[in-house]
Amino acid sequence: MTRRVVITGMGTVSPLGLNVKDTWDSCINGRSGVGRITLFDTNGWLVQIGAELKGFDPANYMDAKEARRRDRFEQMAVAAAKEALADSGLTITEANAGRIGVFVASAVGGMQAQQDAVDLMRASGPRRVSPFTIPMMMPNGASGVIAIDTRIKGPAMCVTSACAAGADSIGVAAMMIRAGRIDATLAGGAEASIVAVGIAAFDRLGALSRHNDDWSMTPQPFDKNRDGLVPGEGAAVVMLEELEHAKARGANIFAELIGYGATGDAFHITAPEEQGSGAAAAMRQALDDARLNIGDVDYINAHGTATNLNDMTETRAIKLAFGEKAYEIPVSSTKSMTGHMIAATGALEVIFCALAIRDGVVPPTIHYQTPDPECDLDYVPNTAREKKVNVAMTNAFGFGGHNAVLVVKRFSS
């Protein structure tokens, strides 16, 4: 008998709020987390906007000494994980610690720690580089510090698949539960890439919006006038649990995770395959894993980055996967509000799917003004929509040709 996987806890620190409640409230009310970058001086830069955390204080989540030894992405990961753990009501003990995991992803790890170390080395020599640089840089650092702080002793690892990493981490974690290797796990992603070198590099790829003087209307996913993504930061973590394990302790169940699809485009290191074949294959794979038909999906949370090629390709992929049914499914991009949080976004969008199911409301795609003939689906423009959602799908696609798709369903025993 297949072991079922349910979501029993959720946590986030995001540009929309420092917990799930505030983030979701901002999301369904169409509030943007985008503003001018304050984390470094962008004077004279072509890109001066981002979706930063507001009011985040790591001292609220960990000892001040430990906070100084951790990169910002690790601090945020701990904050989200602790909320998810508390939300789940699961107590970690010596008896169960080995049956619980941590699967928290990062695409790039501690970029600020790395940049600081290089700057210091050039200014003062190699002996001035901190011994904490490597633990602060490594992408698996988030999973490591979460395990240390919570005393979780099961598998702790980091899936690194660029912007698909958070969704992949949740998918791989669910597979571990299904296989009987663990009974529960924290899973998600964290990213703090609003760093000078990161913004410069992404801009050189032509991926970033430059609406510095009118940032209140960007990013614009699926809009004809979209000009690129807005970088975001944050962390999102869910507690996944085997159903019988959750029921035995009387856990609150938000939703059931029933499908995971993962494919590779094998096409280009940064561009998606233009017909969307790889992304469509991941969607079909996730539906097959969930044992559902295309007509069962009530809502799709799109990757929807607001880059010209991504939005056009994802639209094509949805049509390939769903055929004419694609025109009947609401498809929204919550990145229009959160910005693109890289590895964290795929995990946060799973939370949005679970809450859409719980509350019967589909988040909007804000900043949508001018339809694009190449993007002709129902993108829930500008205002959230009341709708009963039983099944939600979320897409996450990353540089390297990584495609990850998750399917979440209303829980029924």
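From a predicted model like this one, the values you see are computed outputs, not experimental measurements.

Caption draft 1: Seen up close, the nonpolar core. Counting residues in hydrophobic clusters, the biggest one holds 48 residues, and the most contacted among them are Ile7, Met10, Ile170, Leu240, Leu257 and Ile351. The element that contributes the greatest number of residues to this core is helix α13 (residues 343-359), accounting for 11 residues. If near-sequence neighbours (up to four positions away) are discounted, Ile170 is found in contact with Ala187, Gly188, Val238, Leu240, Leu257, Ala347, Val350 and Leu406. Formed by 31 residues, the second largest nonpolar core is a distinct cluster that contains Met76, Ala77, Leu186 and Ala190.

Caption draft 2: Structural view of the pattern of salt bridges. For the coordinates displayed, the defined rule picks out 21 salt bridges. Where Asp311 meets Arg226, a salt bridge forms, and the shortest distance between an N and an O atom there is 3.6 Å. Taken together, the positions of Asp311 in helix α11 (residues 308-322) and Arg226 in the loop between α8 (196-204) and β7 (234-242) put the pair 85 residues apart, joining distant regions of the chain. When the shortest N-O distance is used, the salt bridge between Lys247 and Glu244 registers 3.8 Å.

Caption draft 3: View of the pairing of strand β6 (residues 184-191). Burial of β6 is extensive: eight of the eight residues sit out of reach of the surface. Looking at chain direction, strand β4 (residues 100-105) and β6 are connected through six bridges and run parallel. Residue pairing across strands places Gly101 opposite Thr185, the latter belonging to β6. Examined bridge by bridge, β6 and β7 share eight bridges and lie antiparallel to one another. Opposite Gly188, over in β7, you have Val237 as the bridge partner.

Caption draft 4: Summary view of the side chain of Ser332. Inspection of the secondary structure puts Ser332 in strand β10 (residues 331-332). Looking at Ser332, the relative accessible area reads 0%, which means it is buried. Of note is the side chain of Ser332, whose polar atom sits 2.9 Å from the backbone oxygen of Pro363. Leaving out residues up to four positions away in the same chain, Ser332 has contacts with Tyr299, Ile300, Asn301, Ala302, Val362, Pro363, Pro364, Thr365, Tyr379 and Val380.

Caption draft 5: Representation of the side chain of Asp372 in the model. Note on placement: Asp372 falls in the loop between β11 (361-362) and β12 (385-386). For Asp372, a relative accessible area of 10% translates into the label buried. Not counting residues within four places of it along the chain, the set of residues in contact with Asp372 comprises Phe222, Asp223, Lys224 and Arg226.

Caption draft 6: Quick peek at the packing of aromatic side chains. Evaluation of the coordinates by the stated rule reveals six aromatic pairs. Between Phe56 and Tyr61, the ring centres sit 5.6 Å apart and the planes meet at 20°, which makes this aromatic pair stacked. Here Phe56 falls in the buried class, since its relative accessible area comes to 12%. Aromatic rings pair up to connect Phe222, Tyr368 and Tyr379 into one cluster.

The rules we used
Residues numbered from 1 in each chain as written. Predicted model: local features only at pLDDT ≥ 70, side-chain atom pairs only at ≥ 80, totals over all residues. Heavy atoms only, no water. Core = buried A, V, L, I, M, F, W, Y, C linked by side-chain atoms within 4.5 Å. Buried < 20%, exposed > 50% of the residue type's maximum accessible area, 1.4 Å probe, protein only. Helix = DSSP H or I, 4+ residues; strand = E, 2+ residues; numbered from the N terminus. Contact = heavy atoms within 4.5 Å. Salt bridge = Lys/Arg side-chain N within 4 Å of Asp/Glu carboxyl O. Pairing = 2+ DSSP bridges. Polar contact = N/O pair within 3.5 Å; in protein donor to acceptor, adjacent residues only side chain to side chain. Phe/Tyr/Trp six-rings, centres within 6.5 Å; stacked < 30°, edge-to-face > 60°.

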